[in-house]
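Take a look at the letters that make up each chain.
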Number of protein chains: 2
Amino acid sequence: MSKQPGRQKGPVTSRDVARLLGVSQSMISRAFDPRASVSPANRTRIVEAARALGYEPNVIARSLATRRSSIVAIVMGSMENPFYTGVLDQLAQALDEAGLRSLLFRVPPGQDVDDQLPALRRYNVDGLIVASASISSRIAAEWRRDDRRVVLINRTVPDASVASISCDNCGGGRQLADLLLDSGHKRLVYVAGPRNTSTNRDREDGFMEGLMERNAGLVGRIDAGEYSFNAGAAAAHRAAALKPDGIFFANDILALGGLDALRHELRLQVPKHVSVVGFDDIEMASWPSYRLTTIRQPVSEMVSSAVAAVAASATAQANSISLPGLLVERGSVMRRHGM
Amino acid sequence: MSKQPGRQKGPVTSRDVARLLGVSQSMISRAFDPRASVSPANRTRIVEAARALGYEPNVIARSLATRRSSIVAIVMGSMENPFYTGVLDQLAQALDEAGLRSLLFRVPPGQDVDDQLPALRRYNVDGLIVASASISSRIAAEWRRDDRRVVLINRTVPDASVASISCDNCGGGRQLADLLLDSGHKRLVYVAGPRNTSTNRDREDGFMEGLMERNAGLVGRIDAGEYSFNAGAAAAHRAAALKPDGIFFANDILALGGLDALRHELRLQVPKHVSVVGFDDIEMASWPSYRLTTIRQPVSEMVSSAVAAVAASATAQANSISLPGLLVERGSVMRRHGM
DNA sequence: CAGCGTTATGCATACGGATGCAAATGTGAA
DNA sequence: TTCACATTTGCATCCGTATGCATAACGCTG
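In short, a report on the structure. (Residues numbered from 1 in each chain as written. Chains lettered and ligands numbered in written order. Predicted model: local features only at pLDDT ≥ 70, side-chain atom pairs only at ≥ 80, totals over all residues. Heavy atoms only, no water.)

**Some thoughts on unusual backbone geometry**
Residues and elements named next belong to chain A.
1) Next: A cis amide bond links Val270 with the next residue in sequence, Pro271, at an omega value of 10°.
2) Next: Its identity as a non-glycine residue notwithstanding, Lys243 has a phi of 50°, on the positive side.
3) Next: Along the chain, Lys243 falls in the loop between helix H10 (229-240) and strand S8 (246-249).
4) Next: For Lys243, a relative accessible area of 63% puts it in the exposed group. (Helix = DSSP H or I, 4+ residues; strand = E, 2+ residues; numbered from the N terminus. Buried < 20%, exposed > 50% of the residue type's maximum accessible area, 1.4 Å probe, protein only.)

Structural data, given as structure tokens:
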């Protein structure tokens, strides 16, 4: 039970450094703020002493005083779709490089994102990146009022205060329509994802427009209900009944499930009997068993834009940007005879 | 520019509630602490008033006062291995259910985890769950001293103060050895993952022991270098030169890459010409194109144990637990003739 | 009704840094 | 040398909640 002042209990604080150097605590604080005015000599002394003592500013205390935290919340809806695990991975890394921490929120399926968000504000998070889920404009407005940025990935919301970064889902759908038509497909089926997602809506719209512009149409439309491998397989069974020669699955994970069902359960050859295309270009799409032709979403660009948007100064205009997807042709589409 | 006291700038604080009710701020604080003594009548009044005003305790301020944060840091090494994205997903969910938030740390490849950890302490995180990476015992000791729990998933460290949850990798390796031997395989190859991972070491050890107990051996050992699809494919090429009739890849993602290379690049049939087994049971292992026989790690149990361990009271003993894996037989192993 | 043990409440202060303002110091021009 | 002005520094206070200690209110027993 020695009570020497030398060995304190807790971690080193700015006051410890101040005492050692015989200066005020404020100066320590300022020494770590690049914009503050501290004489160069003292700044050096302080930084050295701080390192010697093992002092690191306490982020919590700082956050209490400044009302900002350098923490960005990442809200993920489903993680079933591998596309979003990739996004998450890159997001975490990009935020880290921007000096921001990521607080991860998984929204349980069925739960509403909006309900979780008030809890988030108690953490003073500086911003919010929402992937694979949406958000009400009421909530968005609240956050904006507090000067907290919110960025949606692949979703949009009719409110100018929230930034939104998407792949050009509509344009991608068109490209796929052109591809299938150019290679002579006549009996096309669209397998839709969840109704309420803008990714699904835009891809479908683009595809249909592309078809209609060339006076083509669908032989059928199947509702897969959710973005998952099994849903894709189930949809493939229903699609097969329509004798299609080409199927556009609303995303890759559906397409992969569909492709496997087509080949292994329905004994159909892909692309010989049916062509299959997807959307996203998840890693597995390139695996030799699949070689799926698809649209690649520019994930890195989307992630950098998202991070730039949350980190943006308050005055910056929140805007929606849409990045073009890239058609990646692999082996799941075949040129049809007699066109 | 009205200056009415009614409409404040910032969020509602405990003092606002106190003022409204004409009681002290401490009472508000205590009303939200189940162990504190507050008269039932007042507790009710306070909770109601709080809800009416939209008051929510500020977690940052609380954290500053209590030195705890209800935040757990999840440190992930590589996210290339899909197994860990599954773990992450479940972890985030389980922590959430335990009332804990997850701060996600991605350790860039090549970077040392230890270097990142001091930064973490500035966030007052209550605990640390490390997956797919290790940690030095010096750091572990520091955290323990501050009464911060650290839990390793699928790694161990020679220090009793850190809890460690693993799948019984060794036992899994044995099971696979038995399976391959029982089904008459004679020319076995082991494809190793990263040298410094305990998962790889234990699986290999278990496999070799299983082999040796029955006087069998390897026809060769290939070093894949890392846990990735492409590394598996590359390893398969080298393994094929050895004319094996069975290959144990240190984990599923390697096995999948290997399997595809075997089939599509080396024109070998699996399992007819070569049997293939992996470890983890990632989702893709069950896809019809692969139907990989593998050992399933009990992810849910591992995750619950990990969460229980970080949430445990300080007095609880940190211990290492090892959960058995389950052999999942699918279609990538064939019974060999003449045994 | 006095005397005592509980329970409820308020007061004051701590947690660790940030920051507006005033005081002190330094610089240059006249 | 003196005064005006810019740069450094320190003081005091705030951010929002938790909590030890003292006090007030309450219930019970004899």
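**What to know about the protein's contact with DNA strand D**
1) Next: Near DNA strand D you find 27 residues, and of these A:Asn42, B:Ser14, B:Arg15, B:Ser29 and B:Arg62 are the closest.
2) Next: Counted by atom, the contact set of DNA strand D within 4 Å of the protein is 59% sugar and phosphate.
3) Next: Measuring from a base oxygen of DNA strand D, one finds a backbone N or O atom of A:Ala65 at 3.5 Å.
4) Next: Within the side chain of B:Arg62, an N or O atom sits 2.5 Å from a phosphate oxygen of DNA strand D. (Near = heavy atom within 4 Å. Polar contact = N/O pair within 3.5 Å; in protein donor to acceptor, adjacent residues only side chain to side chain.)

**Observations regarding the sheet that holds S8(A)**
All names here are of chain A.
1) Next: Strand order in this open sheet of four strands is S7-S6-S8-S9, and the pairing throughout is parallel. The open sheet terminates on both sides in strands that have one partner only, identified here as strand S7 (218-223) and strand S9 (275-277). If you compare each strand with its neighbour and ignore which way they point, the axes differ by 15° on average.
2) Next: Across four bridges, the pairing between strand S6 (residues 188-192) and S8 is parallel. Each residue of the ladder has a partner; that of Tyr190, found in S8, is Phe248.
3) Next: Where helix H8 (residues 169-182) meets the sheet, its contacts fall on S6, S8 and S9, and the angle it forms with S9 comes to roughly 165°. (Pairing = 2+ DSSP bridges. Axes fitted to C-alpha atoms, helices over the stretch in contact; angles between N-to-C directions. Contact = heavy atoms within 4.5 Å.)

**Some words on the relation of the copies chain A and chain B**
Put simply, the second copy of the chain is the first one after a rotation about an axis and a shift along it.
1) Next: Once chain A is rotated about the relating axis by 180° and shifted along it by 0.0 Å, it coincides with chain B to within an RMSD of 0.1 Å. On the angle and the small slide along the axis, the relation comes out as a two-fold axis. Taking the C-alpha atom as reference, chain A places A:Leu103 closest to the rotation axis, 2.2 Å from it.
2) Next: When you check the interface residues of chain A against chain B, 100% turn up at the interface there too, and the contact is symmetric in its surfaces. (Least-squares fit on C-alpha atoms with pLDDT ≥ 70 in both.)

All quantities given are derived from atomic positions and should not be read as evidence of function.
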